[in-house]
Amino acid sequence: MSKIVRTMSNILIPLVFIFGLYIILHGHISPGGGFQGGAVFASGVAMIIVAFGSASVQKRLKEHHLSVLESAGALIFIGLAFGGLATIFFFNFLAGSAVFGNIPPSGSNPGDLWTGGVIPLMNIGVGLKVLGGLSAIVLVMALASSGIEVEE
Amino acid sequence: MTVGLPFNIPFLAVAALISISFIIILTQRNLIKLVMGIVIMQAGVNLFLVSLGYRTGGIVPIFTHAPEGAMVLPVPQALTLTSIVIGVACTALMLSLIVLTYRHTGDTDAEKSRILKG
Amino acid sequence: MDSLVTHSSILAIAIPLLAAFLTPLASKVGDRARNTVVIGALALAEFLVIILARDIYLNGLHVYTLGAAATDLTIPEHYMVPVRIILEVDAMSVFMGLITTTISLAGAIYSISFLKQETGGDRFYTLLLLLAVGMLGLEFTGDMFNFFVFLEILSISGAALAAFRTRFGDATEGGFKYIVISAVGALVVLFAVGILYAQYNVLSMAALAQAIQYTALDKIALALLVVALAMKLASVPLHMWAPDTYSVAPAGTTPMIYVASQACLYGMFRVLFSLYGVSLDTLAIGWIVIVLGVLSMFVGVTMAVHQSDIKRLMAYHAISQSGYMLLGIGVGLAVLADPQALASYGREAISGGIFHIINNALYKGLLFLTAEALFFSLGTRDLNKMGGMFRNMRYTAIFFIVGALAISGVPPFNGFTSKLMIYESVYNFSPVLAVIAMLVSIVTLASFTKAFQSAFTGPALPQHDNIREVPKPMLIGMGILAIAIVFFSLFPSLVVNTIVTPATDALIDQAGYIGAVMGGA
């Protein structure tokens, strides 16, 4: 792609990534959450692939690193679900405790980030999985359609 | 269950989208256009689910700095979100299989690239 | 041990899910670690389903509310309907769960030696575990939207597994057909769930069953659900995808994809019996199911007779055997509103259909595995190019004989027992149907005799002189299923009284299904 496109994408990439991470982290008090933030992040990766070409992106960003990130996100999610097994599966065992443990008041309130218990952590797990997964899909499809073989 | 708009416009849109997508799926021979038809059908069903939850004069179902008033139902929005995620996964799988089929047979036409018959 | 039984329904779903995402990390350690993780997770899931089954036969329905303070707090205070995700396991669900875990375990053990010649083994096992999770979740759930989500999980995993051997062009075509059909079917299911939610504002199956009034919109939702699930279980006339997909799926995954179709069959019966129950016009809907069954039986077996590809032949027989289950349970549904007919032959029809599900999963699974063993050794699926394998592959031939005799309904195998139950009860309902069923059984026997003669007897072709028997893990996988068939054949009344009759009672008893979730209010 031309120099204008590459320069603008270099400027915009940190903004897109930070916006995606913001959506993931604030999922419990504003619209968003794991999947939405991860999809925004992956759209940033797609922008890099379009601007710089899939061959040069593949030298830095390997597909099996993304696969490890994806598995880590899924394990965080399921591990937290198992964590409440003393009472029941998926029990919110962090509500009221030290980590993300404030109880929000009922009704309309100014949103407090440090609430929600297990939910923000599960959002982070899902977000990691989605950003790893969707970036891997976009990268592999770009490589496949330009004829480059994906290394195992 | 009132929608508050004349002639139930969202549900007419759902009917139009799903009918168009059925015609596409049944008649198109190019595999990529077939996948487009399925994506349009997913969009139609998602629109149906979201518009089920609407209540007249309702506000966004978020408690952060919420104004006064009754809220729209949030459960259909959660169902729609799950459906969108599943749709993305299905579409990615279908497109990958089309790329592989093209590598084997050199054609994305459903009739010309058939190997299994009988 | 007590708390293990309480949590066993969700652990049977969650442990394979955890193992599915541990597999990529375990395979970086080595192949043995990966195989241990997979086989261990599936064996643990089977153990959990067995102890859950024992508890259900002793103590009744099992309800598990995810995220509440106790497992049976289905309706929170100040609420009138259940709002959380609820797993509701009755005898019919755990019956299907037993089938799923057994076939998954046999398939996973069988695939160990297959993967030595393929790359991407960790992804294969991730997909296999996700397919098992999808099937178990579909069978245990008590919530309509969860039903849709698990249906999509098993469709996507099944399609990716069917297309796994990407170096063959026909594998990608079979996988593509499967995912297109599944995506459209699942969207139709979601549309029907949306219609039901719009009317009654609840998603839980028990709450919906209590509230349903069979209005015009409910009839539309019922029609959409039956059509979509009939498409997913490969009943004629919506069966076009099944021969392509079953014939190209690799190694031990063909029985699993087939059991996934049977799980959709279970889903259809759950919708017809427990969700709608006696509020619908059972005679009309029952006749529709019976017609689907008869068409599947007849078209399946006539298309199978002239096939030359061995796995395609078995896939058409699989379609035909699904027809028996639809016939048996359809007769039961047609007489559901008539208590005298129900007691005299309706229950036996439903029991015959349910017993046929487990028999069919076992012998059809065994036959698919033997066909795949022939493909592994000979490199071809074409019957015209095989011959005389009895000398070289003795164990495979014996397993094939056991499976073929069982599927044709030859006494004393288990196929004969379940078919006899179906013939007797359907004859009371309508003699023509029983005669058609018997004719189909005779043609099945003829078709398998031809297949056995082409593959195993006769002179061996010269290029097949050095064929040896398949490796040990494949023999163990086939052996598990063969031992189960022999056990079922020797003790049919023990099996029927222990697992089939409670399942029949649970399916007919809609009030018990509702009361377990809503009764606490």
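As the structure is a computational prediction, the values presented were derived from the model and not from experiment. (Residues numbered from 1 in each chain as written. Chains lettered and ligands numbered in written order. Predicted model: local features only at pLDDT ≥ 70, side-chain atom pairs only at ≥ 80, totals over all residues.)

Novice: What is the right way to look at the overall build of chain A in this model?
Specialist: Looking only at helices and strands, chain A features five helices and zero strands. Taken from the N to the C terminus, the helices and strands of chain A come in the order α-α-α-α-α. Considering only C-alpha atoms, chain A reaches an extent of 55 × 35 × 20 Å along its principal axes. For chain A, the proportion of its 152 residues judged to be buried stands at 36%. Within chain A, counting contacts between residues at least 6 apart in sequence, those at least 24 apart form 68% of the total. (Helix = DSSP H or I, 4+ residues; strand = E, 2+ residues; numbered from the N terminus. Buried ≥ 20, exposed ≤ 12 C-beta atoms within 10 Å, placed from the backbone. Contact = placed C-beta atoms within 7 Å.)

Novice: Whenever I open this one, the overall build of chain C confuses me. Can you help?
Specialist: Secondary structure summary: chain C contains 19 helices and two strands in total. Expected size for 521 residues packed as a compact globule is a radius of gyration near 24 Å; at 22 Å, chain C falls within 12% of this value. Across its three principal directions, the C-alpha atoms of chain C cover 75 × 60 × 40 Å. Across the 521 residues that make up chain C, the buried fraction comes to 64%. Taking as baseline every contact in chain C between residues at least 6 positions apart, the subset at least 24 positions apart corresponds to 80%. (Rg over C-alpha atoms; globule rule 2.2 N^0.38 Å.)

Novice: Got a minute to help me understand the interface of chain C and chain A in this structure?
Specialist: For an interface, size is often stated in terms of accessible area lost upon the parts coming together. Contacts between chain C and chain A engage 15 residues on the former and 15 residues on the latter. Its residues placed into classes, the side of chain C that touches chain A shows 10 nonpolar, five polar and no charged. (Nonpolar A, V, L, I, M, F, W, Y, C, P; charged D, E, K, R; others polar.)

Novice: Would you mind showing me how to read the nonpolar core here?
Specialist: In a soluble, globular protein the nonpolar side chains are often hidden away together inside. Among the nonpolar cores identified, the biggest contains 267 residues, and Ile179, Leu327, Leu366 and Ile485 of chain C are the most heavily contacted of them. When residues of this core are assigned to their parent elements, the largest contribution, 18 residues, is made by helix α6 (residues 169–200) of chain C. (Core = buried A, V, L, I, M, F, W, Y, C linked by C-beta atoms within 7 Å.)

Novice: Explanation requested: the packing of helix α13 (residues 339–378) of chain C against helix α14 (residues 394–407) of chain C in the structure shown.
Specialist: How two helices sit against one another is set out by the angle between their axes and by the gap between those axes. Residues and elements named next belong to chain C. Put simply, α13 and α14 touch, their axes get as near as 9 Å, and they point 145° apart. Note that α13 runs across α14; the crossing there is left-handed. Mapping the contact onto sequence places Tyr363, Lys364, Leu366, Leu367, Thr370, Ala373 and Leu374 in α13 and Thr396, Phe399, Phe400, Val402, Gly403, Ala406 and Ile407 in α14. Residues belonging to the contact of α13 with α14 are distributed by class as follows: 10 nonpolar, three polar and one charged. (Axes fitted to C-alpha atoms, helices over the stretch in contact; angles between N-to-C directions. Left-handed = near helix turned anticlockwise from the far one by under 90°.)

Novice: How do you make sense of the interface of chain C and chain B when you look at a structure like this?
Specialist: With 27 residues of chain C in contact, the opposing surface of chain B contributes 27 residues. At the level of elements, α5 (144–162) and α6 of chain C are the ones that each hand at least two residues to the side of chain C that touches chain B. Ranked by residues supplied to the side of chain C that touches chain B, first place goes to α6 of chain C with 17 residues. For the side of chain C that touches chain B, the class distribution of residues is 16 nonpolar, seven polar and four charged.

Novice: I'm lost on the confidence of the model for chain C in this one. Help?
Specialist: All names here are of chain C. With 99% of its residues at a pLDDT of at least 70, chain C reaches an overall mean of 88. The secondary-structure element of chain C with the lowest mean pLDDT is helix α19 (residues 510–518), recorded at 85, while α5 shows the highest, at 94. At the level of chain-chain contacts, confidence expressed as ipTM amounts to 0.93, with global pTM at 0.94. (pLDDT = per-residue confidence, 0-100.)

Novice: I'm lost on the packing of helix α2 (residues 31–52) of chain B against helix α3 (residues 75–105) of chain B in this one. Help?
Specialist: Residue and element names in this part refer to chain B. In contact at an axis separation of 9 Å, α2 and α3 are set at 175° when each is read in the N-to-C sense. Put simply, α2 runs roughly antiparallel to α3. Side by side, α2 and α3 meet where Leu31, Ile32, Val35, Val39, Gln42, Val45, Asn46, Leu49, Val50 and Leu52 of the first sit next to Pro76, Gln77, Leu79, Thr80, Ser83, Ile84, Gly87, Thr91, Met94, Leu95 and Ile98 of the second. For the contact of α2 with α3, the class distribution of residues is 14 nonpolar, seven polar and no charged. (Parallel < 35°, antiparallel > 145°, perpendicular 65-115°, else oblique.)

Novice: What's the story with the environment of Gly87 of chain B in this structure? I'm lost.
Specialist: Looking at the element boundaries, Gly87 of chain B is found in helix α3. As for Gly87 of chain B and Ala43 of chain B, which are separated by 44 residues in sequence, their C-alpha atoms are 8.9 Å apart.

Novice: Would you mind going over the pairing of strand β2 (residues 86–89) of chain C with me for this structure?
Specialist: If a strand is regular, its side chains alternate between the two faces of the sheet. Residues and elements named next belong to chain C. Burial along β2 is two-sided: Ile86 and Glu88 facing one way and Leu87 and Val89 facing the other are all buried. Judged from the four bridges that link them, strand β1 (residues 62–65) and β2 form a sheet pairing that is antiparallel. By the bridge assignment, Val63 is partnered in β2 with Glu88. (Pairing = 2+ DSSP bridges.)

Novice: What exactly am I supposed to notice about helix α4 (residues 63–83) of chain A here?
Specialist: Counting along an α-helix, one turn takes 3.6 residues, and residues three or four places apart therefore face a common direction. Between its first and last C-alpha, α4 of chain A extends 30 Å over 21 residues, near the 30 Å set by a 1.5 Å rise per residue. Every buried residue of α4 of chain A is accounted for by Leu66, Glu70, Ser71, Gly73, Ala74, Phe77, Ile78, Leu80 and Ala81 of chain A. Looking at the packing, one finds that the buried side of α4 of chain A touches α5 (118–145) of chain A together with α1 (2–29) of chain C. (Expected span 1.5 Å × (residues − 1).)

Novice: When you look at helix α4 (residues 121–140) of chain C in this model, what are you seeing that I'm missing?
Specialist: Its 20 residues give α4 of chain C an end-to-end C-alpha distance of 29 Å, which sits within 8% of 28 Å, the value for a rise of 1.5 Å per residue. Among the 20 residues of α4 of chain C, 18 are classified as buried, and the element is accordingly described as predominantly covered.

Novice: So what exactly am I meant to see when it comes to the environment of Gln42 of chain B here?
Specialist: Along the chain, the position of Gln42 of chain B falls in helix α2. Taking the C-beta count within 10 Å as the criterion, Gln42 of chain B has 24 such neighbours and is therefore assigned buried.

Novice: What am I meant to see in unusual backbone geometry here?
Specialist: Working note: non-glycine residues mostly have negative phi, and peptide bonds are mostly trans. For the bond from Val236 of chain C to Pro237 of chain C, the omega torsion is 10°, close enough to zero to count as cis. For Pro237 of chain C, the position within the fold is in the loop between α8 (216–232) and α9 (241–248). That bond from Pro411 of chain C to Pro412 of chain C is cis: its omega, 5°, falls within 30 degrees of zero. Relative to the elements of secondary structure, Pro412 of chain C occurs in the loop between α14 and α15 (414–429). For His65 of chain B, which is not a glycine, the phi torsion comes out positive at approximately 55°. Within the element layout of this structure, His65 of chain B appears in the loop between α2 and α3. Within the chain, Ala234 of chain C stands out as a residue other than glycine whose phi angle is a positive 60°.

Novice: Hey, could you run me through the environment of Ala371 of chain C in this one?
Specialist: The residue Ala371 of chain C is located in helix α13 in this model. Each C-alpha atom of the pair Ala371 of chain C and Val517 of chain C lies 45 Å from the other, and the pair is 146 residues apart in sequence.

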